[in-house]
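Architecture and fold: a report
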Amino acid sequence: MSTDPEQTPDIDGRISELHEKAGNCLEACLFRSAFRVYGELKRIGKAEQRVVPYINAVFHQMDLAQSLLEPRVTRDNAVELIALLEDEERARLLQSDFPQEAYEAEQAWMTACVYENLAEATGMLEGYNSEGMHQCITDGVEVCRRTGKLACVGCFREYAAQVYTAADDLDMALHHARMIAANMGPYPDRGNRRHLGARNEAWLMLLAGQAEASEASLERSVALCEGDRVSIRLSSRLHSLIELETVRLLAGTQDPGEHTATLAAARFPAEQAGATRMPAGERPDLELRWAFGDAVRACCRGEHAQAIAFLSDWDRLLSERHAVNDWFETRLRLIAVHRLAGYRDKVEALARPLEQRARKAKDWLTVRRLARLLDESEPASPAALLAPLTVGPFAAAGTRVAVAAAPPPAATAEAPETAPPPREAGQTLSPQAQAPTPLEDFYQGVLERTRAAEDNEEAQAGLLADILAVPPERLTDSLDACRLLNLLRYLIGDGARGEEIWRWAEATAAPFPQTADVLNLLAVLGDVLRGGQNEKLAEAIPGDRLEKLFRQSLDLDTEDAANHARAGAYFLSEENFGEAERCLARGFRLQRTNSFLAQRLAEVYNRTERPRDALAVLDLCLREGSEDPQVAWDAALAAFRLEQYDVLLTYLDRFESMAEGDLWACLYRATALLELSRPEEVAAVLDEAGRRDPDKPYAVEILRACAESALGRGERYREHLWRVLTVRLATVDYLTVSGLAGLLGRLWRASSCLAADEPLRASLRRRLLQTGLAPDEVFDEAREPAIREEGINYYRCLVRQELDERWAESHACLSGQEPWRGYRVLWGVLAANEYEAEDRVLAWQRQCYPVEANVLEIEVESDGFTDKPGVVWQGLRSGETEEESGEE
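Residues numbered from 1 in each chain as written. Predicted model: local features only at pLDDT ≥ 70, side-chain atom pairs only at ≥ 80, totals over all residues. Heavy atoms only, no water.

The secondary structure content of the chain amounts to 39 helices and 4 strands. Across the chain, every contact between residues at least 6 apart in sequence was considered, and the portion connecting residues at least 24 apart equals 69%. (Helix = DSSP H or I, 4+ residues; strand = E, 2+ residues; numbered from the N terminus. Contact = heavy atoms within 4.5 Å.)

Below, the structure written as structure tokens:
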């Protein structure tokens, strides 16, 4: 590092100059040139020990390498950056006196993006549905939340669309694509990506043979490229135009002699104005898409040899670079062209390595597209689609129709094809009836006795003894092994014979090392034994052994939904959400109406903070024909949490068509009607709620009050409010604390129909504070008259409230809180200093209970505001029993 201070301005100037030069290259779509410029910036950063320029250069090279189709560079740079960003000491090795503030700024905006790039690189190198890829989504979303970059969760939604496409779950892929296209902001650092969502939607439509819908989506994508905050518009527009041209060639709406996508060249820099395309090597990703289009154009003219030449060079290059995902697409199209040319022998030779690698990567879409290409009864197209085109030069015989203006995109995608229904454990694929197994009579007898012994421990112990008395060598049929392994998990009892059970199970499974169902059920039994009362079994049956058995079972049979369901449930119980999602998503793809798979997959999404994805799964299960009322109910609750009240009513209708009348369905329906400004319909719904369960009137009374307020009937609202206030909440044991908080917050907002100084409204305000359920609006209203002040800080205050003998009978006590001898509660407050914050919080706490409380902790969260001082929120209470209070 230079020590001459006079040279420092030159280095800073050079760094600034390189940044500007790289930016100009990016805007001109000259990515290879920009990569080289960042390489020089990286060299200077390292040589001059400037950590921030170095990190910035490595980041941009990482990002650009994706477009250059060099995923190994992206992966290696991402790994290096994670080390530099997550470990400050690693950064200090490069620059011991680095600028702390600038480094932390890089950490804040860059970390989530680095994880997203690592996920992309892994997908490009190993396949987007390979092991661990779903975990990348989960980890990435967690990083976004940890760093506060909630808008960047959308980046992982882009990635999820690719994962589900590779997993051959095109319904879920379409869900993600449309969520991206519908995003109106806030946008992540990479900007507005709605055009990408529309482009992904177009590809999914095209795969289903819907060329007109695909064209409409791409036209929308081109238009969206002109939106606000679109990064490098020329690049985005070119990509969409290239895809649009290819779709029009397939649909027969464009002359193969025209090159409309190259009209974008008019927007290149002046020195390139005469070029039809950008200089070779600058954008390999776009050059690859151009090659796909050129191959289609050649096939339209019957020039198959030329199309093969276009694709063969890319096939070789992508294989050398280990860009597996792009190689899959290129090899599929190359095989399709060979088939169109009639080179059957070459088709088979090209297909064998593709199928092998696609299965290893678990790219089920590639496997299915390849199988269709190899089926001579299915019409082929140069894009290797999943369904026949009905328009254009490659339309299937008898399906060709006249080309008309493209209709708007369909509301939902048609499933291109459906997988065969999965079989039960051990069931053969033969269409004939299952022949009796050697132990058929024994199994049927045990099964009947098991049903009768459901609550009889002695009888269950006898059944267990009978099964273990069967010598493992007698189980010569895999179905017999599956049946008995499955029964055993319900007969374990206290696990006293656990070691014996496991030895018998392993001996029984040993003759069937290549039978997926046997291995899967053995793993399930092992998991039940490990989690039972016999603690010795946790060591005797290692978790990695079970994981290996589950993975082997899924590799042996990729089409069994039940095996995927059991494996997914295991990984979910282990909180391995990535693998749980991969297994459950595959099982759900195989069996759409399986409520267990839909609910467990939705659980994964909810536990990884993706509630919209959870609702999409439940909705798909219902649309495919599920008659499980619990799925409809879960969908209704998900819609309620997402404040999608129109669809909430639809799910409630579906639920009530399948289940008996339910009070809660009425309550949610009434709430939705209020939110949709339809209060005149609420009374009839609440009358029905009263008929269904007259012993639970509290929520009904609150919602009646809210409806009267919405109808402008203040006097009637006052009557219902008075009835609500006469109820002591300790007697309401059928509502959760969060449910009560939601209802009472709604009741407070509805009280705006009363005068501000109305005594009954003051009583409601006091009740909300006493119960610890006051909504933020209570404090906003109290702060409204205050004057804005400078130098205000935001504090979190932890208060301990001691309770006395009056507590259990007071209006402050909720159901289940009677044993409390004290509670702790957090408050949020804006104040000039800690002393003022403490005074303000204690003044409010005195309204909650008539015993003096004390502040345990005060922590400043942020400072330097100009705002109105005062309390801004009241947290939920955490109770102390007599024993806990004594310890205090």
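Resuming the write-up.
Strands in a sheet are paired, the pairing made by backbone hydrogen bonds, and the direction either parallel or antiparallel. Here we have 4 strands laid out as an open sheet, ordered β3-β1-β2-β4, and antiparallel in their pairing. Sheet topology places β3 (854-867) and β4 (870-880) at the edges, where each strand pairs with a single neighbour. Neighbour-to-neighbour, the strand axes of this sheet turn through a mean angle of 15 degrees, independent of strand direction. In terms of strand pairing, strand β1 (residues 789-802) meets strand β2 (residues 822-831) through 10 bridges, oriented antiparallel. Looking across to β2, one finds that C797 is bridged to W827. Strands β2, β3 and β4 of the sheet are contacted by helix α37 (residues 776-783), whose axis makes an angle of about 145 degrees with β4. (Pairing = 2+ DSSP bridges. Axes fitted to C-alpha atoms, helices over the stretch in contact; angles between N-to-C directions.)

So, on to the nonpolar core. Core analysis: the largest hydrophobic core is formed by 216 residues, its most contacted members being W504, Y698, L747 and W827. Filtering out sequence-adjacent residues up to four positions away, Y698 remains in contact with V724, V727, L729, V732, Y734, L735, L740 and L744. In terms of nonpolar packing, the next biggest core, distinct from the first, is built from 20 residues, I11, F35, Y38 and L68 among them. (Core = buried A, V, L, I, M, F, W, Y, C linked by side-chain atoms within 4.5 Å. Buried < 20%, exposed > 50% of the residue type's maximum accessible area, 1.4 Å probe, protein only.)

Our next topic: the side chain of R297. Examined against the element boundaries, R297 turns out to sit in helix α13 (residues 284-300). Residue classification places R297 among the buried positions, given a relative accessible area of 2%. Setting aside anything within four residues of it in sequence, one finds R297 in contact with E245, L249, Q254, P256, E258 and H259.

Further remarks concern the packing of helix α3 (residues 51-67) against helix α6 (residues 100-126). Closest axis-to-axis distance for the α3/α6 pair is 10 Å, and the angle between their directions is 25 degrees. Judged on the interaxial angle alone, α6 and α3 are roughly parallel. In this structure, α3 crosses over α6, and the sense of that crossing is left-handed. For the pair α3 and α6, contact is made by V52, I55, N56, F59, M62, D63 and Q66 and by A102, Y103, E106, W109, M110, C113, V114, N117, E120 and M124, respectively. (Parallel < 35°, antiparallel > 145°, perpendicular 65-115°, else oblique. Left-handed = near helix turned anticlockwise from the far one by under 90°.)

Of all 11 residues that make up β4, 8 are buried, and the element is covered over most of its length. For β2 and β4, the ladder comprises 8 bridges, and the chain directions are antiparallel. In the strand pairing of β4, G828 is matched with W873.

Here we come to the pattern of salt bridges. Two side chains carrying opposite charge are able to pair once their charged atoms lie near each other. Applying the stated criterion across every chain, the model contains 71 salt bridges. Between E688 and R692 there is a salt bridge whose closest N-O contact spans 2.9 Å. Here R692 and E688 lie together in helix α32 (residues 682-692), a separation of 4 residues that amounts to about one turn. Judged by relative accessible area, which is 26%, E688 ranks as partly exposed. Among the residues examined, R692 registers a relative accessible area of 29% and is labelled partly exposed. R783 is the salt-bridge partner of D867, the closest N and O atoms lying 3.1 Å from each other. (Salt bridge = Lys/Arg side-chain N within 4 Å of Asp/Glu carboxyl O.)

On to the environment of W873. By the secondary structure assignment, W873 is in strand β4. Judged by its relative accessible area of 19%, W873 falls in the buried class. The sequence separation of W873 and D780 amounts to 93 residues, and the corresponding C-alpha distance is 8.7 Å. In this view, W873 contacts D776, F779, Y794, R796, L826, W827 and G828; residues no more than four positions away in its chain are not counted. There is a polar contact of 2.8 Å between the side chain of W873 and the side chain of Y794. (Polar contact = N/O pair within 3.5 Å; in protein donor to acceptor, adjacent residues only side chain to side chain.)

A separate point is helix α9 (residues 170-182). A rise of 1.5 Å per residue sets the reference length of α9, with its 13 residues, at 18 Å; its end C-alpha atoms lie 18 Å apart and thus fit the reference within 8%. Taking burial as the measure, the 13 residues of α9 include 10 buried ones, the bulk of the element. (Expected span 1.5 Å × (residues − 1).)

Covalently bonding the sulfur atom of one cysteine to the sulfur atom of another cysteine gives a disulfide. With the rule as written, the count across this model stands at 0 disulfides. Free of any disulfide, C300 has its nearest cysteine sulfur in C299, 7.2 Å distant. You can call C300 partly exposed: its relative accessible area is 24%. (Disulfide = S-S within 2.5 Å.)

Put simply, α13 and helix α14 (residues 304-320) touch, their axes get as near as 7 Å, and they point 155 degrees apart. When the axes of α13 and α14 are compared, the pair comes out roughly antiparallel. Considering the relative orientation of α13 and α14, their crossing is left-handed. On α14, the residues touching P284, E287, L288, A291, F292, D294, A295, A298 and C299 of α13 are H304, Q306, A307, F310, L311, W314 and L318. In the contact of α13 with α14, the residues fall into 12 nonpolar, 2 polar and 2 charged. (Nonpolar A, V, L, I, M, F, W, Y, C, P; charged D, E, K, R; others polar.)

Bringing the confidence of the model for the chain into the picture now. On average, the chain scores 88 in pLDDT, and the residues at 70 or more come to 89%. In the model, residues 1-7 has pLDDT below 50 throughout and makes 5 contacts with residues more than four positions away in sequence or in other chains. Within the model, pLDDT remains below 50 along residues 398-433, and this stretch shows 64 contacts once partners closer than five positions in the same chain are excluded. (pLDDT = per-residue confidence, 0-100.)

Here the focus is the packing of aromatic side chains. One pass over the full model with this rule turns up 16 aromatic pairs. Each ring, one from W327 and one from F328, has its centre 5.9 Å from the other, and the planes form 50 degrees; the classification is tilted. Accessibility expressed as a relative area gives 1% for F328, which makes it buried. Three or more aromatic residues joined by ring pairs form one cluster here, namely W633, F640, Y645, F655 and Y668. (Phe/Tyr/Trp six-rings, centres within 6.5 Å; stacked < 30°, edge-to-face > 60°.)

A few words now on the environment of T593. With respect to the element layout, T593 can be found in the loop between α26 (577-590) and α27 (595-607). On the accessibility criterion, T593 (40% relative accessible area) is partly exposed. The spatial distance from the C-alpha of T593 to the C-alpha of L620 is 8.4 Å, given a sequence separation of 27 residues.

Right, let's get into unusual backbone geometry. We note that Q49 has phi near 55 degrees; this positive angle belongs to a residue other than glycine. Examined against the element boundaries, Q49 turns out to sit in the loop between α2 (31-47) and α3. Its identity as a non-glycine residue notwithstanding, E575 has a phi of 60 degrees, on the positive side. Its place among the elements puts E575 in the loop between α25 (561-573) and α26.

With that out of the way, let us pick up the environment of G342. Position of G342 among the secondary structure elements: in the loop between α15 (324-341) and α16 (344-360). Overall, G342 belongs to the exposed group, its relative accessible area being 56%.

This next bit is on helix α22 (residues 516-530). Three or four residues apart is the spacing at which side chains of an α-helix point the same way, because the helix has 3.6 residues per turn. Taking 1.5 Å as the rise per residue, α22 with 15 residues should run 21 Å; its terminal C-alpha atoms sit 21 Å apart, in good agreement. With respect to burial, α22 is a largely interior element, 12 of its 15 residues being buried. Looking only at α22, the buried set comprises A516, D517, V518, L519, N520, L521, L522, A523, V524, L525, G526 and L529.

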